[in-house]
Amino acid sequence: MAFPFVRLCPRHVSTGLQVCSYATLSKASRPQEKSSAGPVFQYVGQNKKPTPKVFVWGFSFTGALGIPSFVVPDSGRKKPRKYQLTPYRLETAEQISSAACGYGFSLIASSTKDASKLWGMGLNKDSQLGFQRTQHSRHQSYDYVLEPSPVALPLVNPLQTRVLQVACGRAHSLVLTDREGVFSMGNNSYGQCGRRIVEDELMHLLFFSQVACGQDHSLFLTETGKVLACGWGADGQTGLGHHNISSSPVEVGGDLSGVEVQQISTYGDCSLAVSRDGQLFGWGNSEYRQLASVTEATQINSPRHLPLKGCGKVVQAACGGTQVAVLNDKGEVFVWGYGILGKGPNLSESSTPEVIPSTLFGRSQFNPSVAVTRIRCGLSHFAAVTDRGELFVWGKNVRGCLGIGKRDDQYFPWRVTVPGQVVDVACGVDHMVAMAKSLL
Amino acid sequence: MATPAVRMFRRLEGLFCVYKPSGVHWKLVRDSIETNLLKVLNATPSQPLPQEVRFLAQPSTETEAPKGLTLSATSVPVLSKHPLVSGPEFQNIQVGVGHRLDAFSSGVLVLGVGNGNKTLNDLYRTRVTRDYTLEGEFGTATDDFTHTGGVVERSTYEHITQDKLERVLAMLEGANQKALLMYSNVDMRSQEAYEMAVQGLLGPEGKSAPILTGLRCIHFQPPNFILEVQCLNETQKYLRKVVHEIGLELRSTAVCKGIRRTRDGLFTLQDALTRHHWTAADITQAIRQYHSSKKHRKRSQSPAKKPALKTSEDVTATQQNEANEEAATRWFFFVLFIWLDHTFLGDAPHIRPILFI
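Residues numbered from 1 in each chain as written. Chains lettered and ligands numbered in written order. Predicted model: local features only at pLDDT ≥ 70, side-chain atom pairs only at ≥ 80, totals over all residues. Heavy atoms only, no water.

### Describing the environment of valine 71 of chain A
All names here are of chain A.
Step number 1: One can find valine 71 in helix H1 (residues 68-71).
Step number 2: Between the alpha carbons of valine 71 and leucine 146 there is a distance of 7.7 Å; along the sequence they are 75 residues apart.
Step number 3: If we skip the residues at most four places from it in the chain, valine 71 touches Ser60, Phe61, Gly63, Pro80 and Leu146. (Helix = DSSP H or I, 4+ residues; strand = E, 2+ residues; numbered from the N terminus. Contact = heavy atoms within 4.5 Å.)

### Let's talk about the sheet that holds strand E5 (residues 98-101) of chain A
Residues and elements named next belong to chain A.
Step number 1: As summarised here, the arrangement of the four strands in space is E5-E6-E7-E8, forming an open sheet in which the pairing is antiparallel. The open sheet is flanked by E5 and strand E8 (144-150), the only strands paired with a single partner. Taken over all neighbouring pairs, the strand axes of this sheet differ in orientation by 5 degrees on average, direction set aside.
Step number 2: Sheet analysis places strand E6 (residues 105-109) next to strand E7 (residues 118-123), joined by five bridges and oriented antiparallel. When the sheet's bridge partners are listed, leucine 107 is paired in E7 with glycine 120. (Pairing = 2+ DSSP bridges. Axes fitted to C-alpha atoms, helices over the stretch in contact; angles between N-to-C directions.)

### Digging into the nonpolar core
Step number 1: Among the nonpolar cores identified, the biggest contains 56 residues, and Phe16, Val18, Ile33, Phe138, Leu239 and Ile246 of chain B are the most heavily contacted of them.
Step number 2: Tallying contributions element by element places helix H2 (residues 26-42) of chain B first for this core, with six residues. (Core = buried A, V, L, I, M, F, W, Y, C linked by side-chain atoms within 4.5 Å. Buried < 20%, exposed > 50% of the residue type's maximum accessible area, 1.4 Å probe, protein only.)

### A closer look at unusual backbone geometry
Step number 1: Residues proline 222 of chain B and proline 223 of chain B are joined by a peptide bond in cis, for which omega reads 5 degrees.
Step number 2: Tracing the chain through its elements places proline 223 of chain B in the loop between strand E9 (211-221) and strand E10 (224-232).
Step number 3: For arginine 289 of chain A, which is not glycine, the phi dihedral falls at a positive 65 degrees.
Step number 4: You can see arginine 289 of chain A is positioned in the loop between strand E18 (280-285) and strand E19 (299-306).
Step number 5: The class for arginine 289 of chain A is partly exposed, based on a relative accessible area of 30%.
Step number 6: Even without being glycine, phenylalanine 145 of chain B reaches a positive phi, approximately 65 degrees.
Step number 7: Relative accessible area serves as the criterion here: at 15%, phenylalanine 145 of chain B is assigned to the buried category.

### Quick notes on the pattern of salt bridges
Residue and element names in this part refer to chain A.
Step number 1: For the structure shown, the criterion picks out 23 salt bridges over all chains.
Step number 2: In this structure, glutamate 390 engages arginine 415 in a salt bridge whose closest nitrogen and oxygen atoms are separated by 3.2 Å. Highlighted residues: glutamate 390 in the loop between strand E25 (381-386) and strand E26 (391-395) and arginine 415 in strand E27 (residues 410-416), separated in sequence by 25 residues.
Step number 3: For glutamate 390, a relative accessible area of 11% translates into the label buried. (Salt bridge = Lys/Arg side-chain N within 4 Å of Asp/Glu carboxyl O.)

### Focus on the environment of aspartate 126 of chain A
All names here are of chain A.
Step number 1: Looking at where aspartate 126 falls in the secondary structure, it is placed in the loop between E7 and E8.
Step number 2: Exposure remark for aspartate 126: the relative accessible area of 33% places this residue in the partly exposed category.
Step number 3: Taking C-alpha positions, aspartate 126 is 5.2 Å from glycine 186, a pair spaced 60 residues apart along the chain.

### Some words on the pairing of strand E22 (residues 333-338) of chain A
All names here are of chain A.
Step number 1: Among the six residues of E22, five are classified as buried, and the element is accordingly described as predominantly covered.
Step number 2: For strand E21 (residues 323-328) and E22, the ladder comprises five bridges, and the chain directions are antiparallel. Across the sheet, residue alanine 325 finds its bridge partner in E22, namely valine 335.
Step number 3: Taking the residues between adjacent antiparallel strands as the criterion, E21 and E22 are bridged by four residues, where glycine 331 takes a positive phi near 85 degrees.
Step number 4: With five bridges connecting them, E22 and strand E23 (residues 349-356) associate as antiparallel partners. Residue pairing for E23: phenylalanine 334 is matched across the bridge by valine 355.

### Description of the side chain of aspartate 264 of chain B
Step number 1: Its location among the elements puts aspartate 264 of chain B in strand E11 (residues 254-264).
Step number 2: Those residues in contact with aspartate 264 of chain B that lie beyond four places of it in its chain are His99, Val108, Val110, Thr129 and Arg130 of chain B.

### Points about the UniProt feature "domain: Pseudouridine synthase II N-terminal" (unreviewed entry) in chain B
Step number 1: Mapped onto this numbering, the UniProt entry gives "domain: Pseudouridine synthase II N-terminal" (unreviewed entry) at residues 93-236 of chain B.
Step number 2: Helix and strand shares over residues 93-236 of chain B are 29% and 33% respectively, and the end C-alpha atoms of the span are 28 Å apart. (UniProt positions renumbered as here; feature names shortened; annotations may be inferred.)

### A short note on the sheet that holds E26 of chain A
All names here are of chain A.
Step number 1: Strand order in the open sheet formed by four strands is E24-E25-E26-E27, with antiparallel pairing between adjacent strands. Only two strands of the sheet have a single partner each, and these edge strands are strand E24 (372-377) and E27. On average, adjacent strands in this sheet sit at an angle of 20 degrees to one another, irrespective of strand direction.
Step number 2: Strand direction decides the pairing type here: E25 and E26, joined by five bridges, are antiparallel. If you follow phenylalanine 382 over to E26, its bridge partner there is tryptophan 394.

### What about the state of the cysteines?
Step number 1: Per the stated rule, a full pass over the model turns up zero disulfides over all chains.
Step number 2: The thiol sulfur of cysteine 427 of chain A is not disulfide-bonded, and the nearest other cysteine sulfur, from cysteine 101 of chain A, lies at 7.2 Å.
Step number 3: Using a relative accessible area of 7% as the deciding quantity, one classes cysteine 427 of chain A as buried.
Step number 4: No disulfide involves cysteine 17 of chain B; its sulfur sits 17 Å from that of cysteine 231 of chain B, the nearest cysteine.
Step number 5: The buried category is assigned to cysteine 17 of chain B, whose relative accessible area is 1%. (Disulfide = S-S within 2.5 Å.)

### Examining the UniProt feature "repeat: RCC" (unreviewed entry) in chain A
Residue and element names in this part refer to chain A.
Step number 1: Mapped onto the present numbering, the UniProt feature "repeat: RCC" (unreviewed entry) falls at residues 52-112, 116-179, 180-224, 225-277, 278-330, 331-388 and 389-438.
Step number 2: As a span, residues 52-112 carries 7% helix and 41% strand, and end to end its C-alpha atoms are 14 Å apart.
Step number 3: Secondary structure within residues 116-179 divides into 0% helix and 39% strand; the distance between the first and last C-alpha atoms comes to 16 Å.

### Quick word on the environment of glycine 186 of chain A
All names here are of chain A.
Step number 1: Within the secondary structure layout, glycine 186 lies in strand E11 (residues 182-186).
Step number 2: The class for glycine 186 is partly exposed, based on a relative accessible area of 25%.
Step number 3: Excluding residues within four positions of it along the chain, glycine 186 makes contact with Asp126, Ser127, Gln128, Ala171, His172 and Cys193.

### Structural notes on helix H1 (residues 4-12) of chain B
Each turn of an α-helix holds 3.6 residues, which means side chains three or four residues apart point in the same direction.
All names here are of chain B.
Step number 1: Listed in full, the buried residues belonging to H1 are Ala5, Phe9 and Leu12. One face of H1 carries all of its buried residues, which in axial projection span an arc of 55 degrees.
Step number 2: Against the buried residues of H1 lie strand E1 (14-20), H2, strand E5 (106-113) and helix H8 (280-300). (Arc of directions from axis to C-beta.)

### Examining the layout of surface pockets
Step number 1: Taken as a whole, the largest pocket encloses approximately 770 Å³ of empty space.
Step number 2: Gln165, Val166, Gln210, Arg374 and Arg376 of chain A are the residues nearest the centre of the largest pocket, which is lined by 35 residues in total. (1 Å grid on protein atoms, 1.4 Å probe; cavity = no way out; pocket = protein on both sides within 12 Å on 5 of 7 lines; lining within 4 Å. Points joined across faces, edges and corners; volume = space filled by probe spheres on them.)

### Overview of H8 of chain B
All names here are of chain B.
Step number 1: Here H8 spans 30 Å end to end across 21 residues, near enough to the 30 Å set by a 1.5 Å rise per residue.
Step number 2: Residues Ala280, Ile283, Thr284, Ala286, Ile287, Tyr290, Lys294 and Arg297 constitute the buried set of H8. For H8, the arc enclosing every buried residue in end-on projection is 165 degrees, short of the 170-degree limit, so these residues lie on one face. Projecting away from the buried face of H8 at angles above 90 degrees are the exposed residues Ala281, Arg288, Gln289, Lys295, His296 and Arg299. (Expected span 1.5 Å × (residues − 1).)

### Quick word on the confidence of the model for chain A
Residues and elements named next belong to chain A.
Step number 1: Mean pLDDT for chain A: 88, with 89% of residues reaching 70 or above.
Step number 2: Contacts for the low-pLDDT stretch residues 8-21, under 50 throughout, to residues beyond four places or in other chains number 21 contacts.
Step number 3: Considering only residues more than four positions removed or in separate chains, one finds that residues 197-204, a stretch of pLDDT under 50, has 16 contacts. (pLDDT = per-residue confidence, 0-100.)

Laid out in structure tokens, this is it:
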């Protein structure tokens, strides 16, 4: 923290004599002499960089917010805080570069080479946060972790590897590192954890660029643009052409074979992939008309190309439980599916993409070029980050997860007041984690 | 029978705007304009005095006149109507002031004469924004936020770049846009709230906290900078406080060197009369221009717009006094507001600034 210090520098005397021929000079408009006496304070220097911050809000009783005093108050007079309805600062040891929210738990990771680079908080009944040794017994793990606790990864070179990205599903989580592949933790009853994937165990050296967790399945994206999937497949969300469980990652085919994918997204039972040339592919659950542009069936078990009219080149996609959103290269957001889509209470389902007017994201006559840069989906809500660092949320306000200060549902994009510029946000079922940086 | 003075007064009824110089209380401006108008009104040539027939007693010249009173009819002027008896025709005229400007600021000040005061009332009640230019200077903080106040603190400002200033302004604009939504009385869960939010029609009705609907930096040369703001329900002291808060957000200090209102509703700096033109002739011309532009605007509004306006009028329900003129003038101001929206405001809701760490 920078302490202000006094710098005595000579200030030139400026004469501000006001001549007003209309009325007499009143006491208020006496000329002010800027004398060189008096200290000049310096609060920041020229090289000050913005401070990174993490904010959390939503339902706190699972410990997913990482603030133990919400669940177990410090003093007996205070009451536990069940819903944190506005962003609350989470103090972290390192700068957090990646965060993910699962169903009642969160993982935050820093891209440092230090020994502790991954922390988890929240529900741990399925060991989705790894083994958190209790104080009393070596062989027991905590069921609820109330504050960010380091997750020990069995790295070969713990001081050389960095964590690139984390993803959380219903009861499992995936950690992507830069040199040692992907680690998975948690519930493996449907094979969603696969096995620990190490490059040299597979035929080709596969470097992963992104991982995504659905409710009970996992998707992996390699640097060459191939998608692998494992886990529960009853809705076809693995995209492997069948509705069975897949216990180790298998490459996904269908319309995706030969296509270079740049981003994958899933959170419920529907999965989406965006190719490098801006096409959208989807598979999995379509009960809520997420994939209705290609099929009337309720499930697709193999990826199909989704022809979207009027969306332009798709840059990002985000998939929730019942709704889907895509972002095009112009910064416009398109939504469809079922639920609160963001165009008022009258639009509760749509099978074709509907654009959300950019005036709702802050476009005005003074700012004609505000564009959305990131779009994320929780189970039943959306979050969008604009290029000016503002966060907009809309959707069902499950236990205060929107962070707008009230528990009502929000039917069109609403600004969340975050002290700082938001860089990225992670959405869960009933809580959210936002990574921000201070203005200056 | 209207006297020439009354006819001239009728020509003077309406709204016009003047340029109020800084350092002057707004009341002095209003009083001097009223005095100027009164001088001219009372200088009109007075009507010839009416004559009345009175039966006056004639003094008898002859001594042998018969006893008794002889009255003869004479036409005499009515002395009670003489200007020296009754006083000037106009003792005072109703000159009303629109949104006030304090002594430190300068700029457009809207005044209304006679019947124009009713329109002024409506101007007050509808949601019309005002444009200001704020000149600020980094490095000092004073107790009344102006450069003439007592210095509280001095700080460095070399670290401030235009990019950082833009970031702070973006944050303030975001906070204000949110306030615009929060102060509107519409139920956020309704479809019409969404429709209004898309068009940028959400906003406070009547009194509310000051909200800046637009904010941008038009000149930056440390330590000086100039901001352009559009605001609702503001006071000039609040705008100076905004400059002070911008300095605090940038980890420095700032004072406001000047505030100039460049637009109040539809009256801009182009139409403002400067001090040497505060005469009845110029004011009459300004009012004539105002009336003709009002007619032109009413005619140019297409009938298809009327239903949309009607719904927005129902939604933003002001008190419904059912006088026809009132409705017509309110129409005018809603038309004005919608027109303003599309030309000046664009479409975005805005917020009350919140001081961030």
